[in-house]
Amino acid sequence: MDKNTFVVEKPCPICNQKTRVIKPKSRLLMVKQDPDTCIHYKDFNIYYYRIWLCEHCGFAGDEKTFGVKITERTRAQIKEYLEANPIDKDFLDEHTAGDAINAFERAIECLDLLKAPLAKKASTCHQLAWIYRSIDNKEMEEEYLKKAAELYAQSLATERYPMGNLTDTGALFVTGAIYYLLNDYGNCASFLSRIIGDQNARIRERTIFEKARTLWEDVRAAQKEAEKKK
């Protein structure tokens, strides 16, 4: 058992049985934060434990997903899917990157079955990219970064914010930051400019506004460097 985690029991929203899940302790030492808000902690990867996996039926989701109200019809559909597509659901008190990847992949499937908001799917794909980042799998990291950016863009065009703790300004910044990491400076600048040009964001969400302005300067520098190499 990792010293940074503890085990609790939670009811599964699909099978209604209590399942053991792992929660990180609150006192973790932050080392750094990546441009797209991925936080690195000392000797611990919090994202390995972000998804809960029911040890009885195999349903997967984050803590908020475990707490959502699900209709009987949807519950039956998910049960049928889980039974037809079994995965290893043994309880593990320590998670590897591989364990986290399997849990995230199942969580994404469950979000589709739940018809979850695009922003929720985007966030889950984004965090799965961080898992791949932790093991230096660039190809898979980029695949899920692209999926996350596309979903965030669709969400911003069709969904109403705020969504949980995420505002539209926050979603714009994260999308721009993802494109920055993908070296897609045109799309990055497009999303960041919507923040920088919003005077209300300057007042309401000063921290995000300043982050966007700093990243905008990094984008301009990267674009100039790219031009020199042509």
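Provided above is the structure to which this section pertains.
Residues numbered from 1 in each chain as written. Predicted model: local features only at pLDDT ≥ 70, side-chain atom pairs only at ≥ 80, totals over all residues. Heavy atoms only, no water.

Undergrad: Just give me the short version of the environment of Arg-20, but keep the residues and values in it.
TA: Along the chain, Arg-20 falls in strand β2 (residues 18-24). Counting along the chain gives 175 residues from Arg-20 to Ile-195, while the straight-line C-alpha distance between them is 42 Å. When neighbours within four sequence positions are excluded, Arg-20 is seen to be in contact with Val-7, Val-8, Glu-9, Leu-53, Glu-55 and Phe-91. (Helix = DSSP H or I, 4+ residues; strand = E, 2+ residues; numbered from the N terminus. Contact = heavy atoms within 4.5 Å.)

Undergrad: Break down the pairing of β2 for me, citing the residues and quoting the values.
TA: Bridge analysis of strand β1 (residues 5-11) against β2 gives seven bridges, and the strand direction is antiparallel. If you follow Lys-10 over to β2, its bridge partner there is Thr-19. In this structure, the hairpin formed by β1 and β2 is closed by a connection of six residues, where Asn-16 is found at a positive phi of approximately 70°. (Pairing = 2+ DSSP bridges.)

Undergrad: Help me get a handle on helix α6 (residues 168-181), residues and values and all.
TA: Between the first and last C-alpha of α6 there are 20 Å, a value that for 14 residues agrees with the 20 Å anticipated at 1.5 Å per step. Turning to α6, its buried residues are Thr-169, Gly-170, Ala-171, Leu-172, Phe-173, Val-174, Thr-175, Gly-176, Ala-177, Ile-178, Tyr-179 and Tyr-180. Looking at the packing, one finds that the buried side of α6 touches α4 (118-134), α5 (138-158), α7 (185-196), α8 (199-204) and α9 (206-229). Two residues or fewer past α6, Asn-183 is found with a positive phi of approximately 60°. (Expected span 1.5 Å × (residues − 1). Buried < 20%, exposed > 50% of the residue type's maximum accessible area, 1.4 Å probe, protein only.)

Undergrad: Could you give an account of the pattern of salt bridges, with specific residues and numbers?
TA: By the definition in use, this model includes 13 salt bridges. Asp-112 is the partner of Lys-121 in a salt bridge, and the nearest nitrogen-oxygen pair spans 3.2 Å. We classify Asp-112 as partly exposed; its relative accessible area is 42%. Three or more residues are tied together by salt bridges with common partners; here these are Asp-34, Asp-36, Arg-133 and Glu-141. (Salt bridge = Lys/Arg side-chain N within 4 Å of Asp/Glu carboxyl O.)

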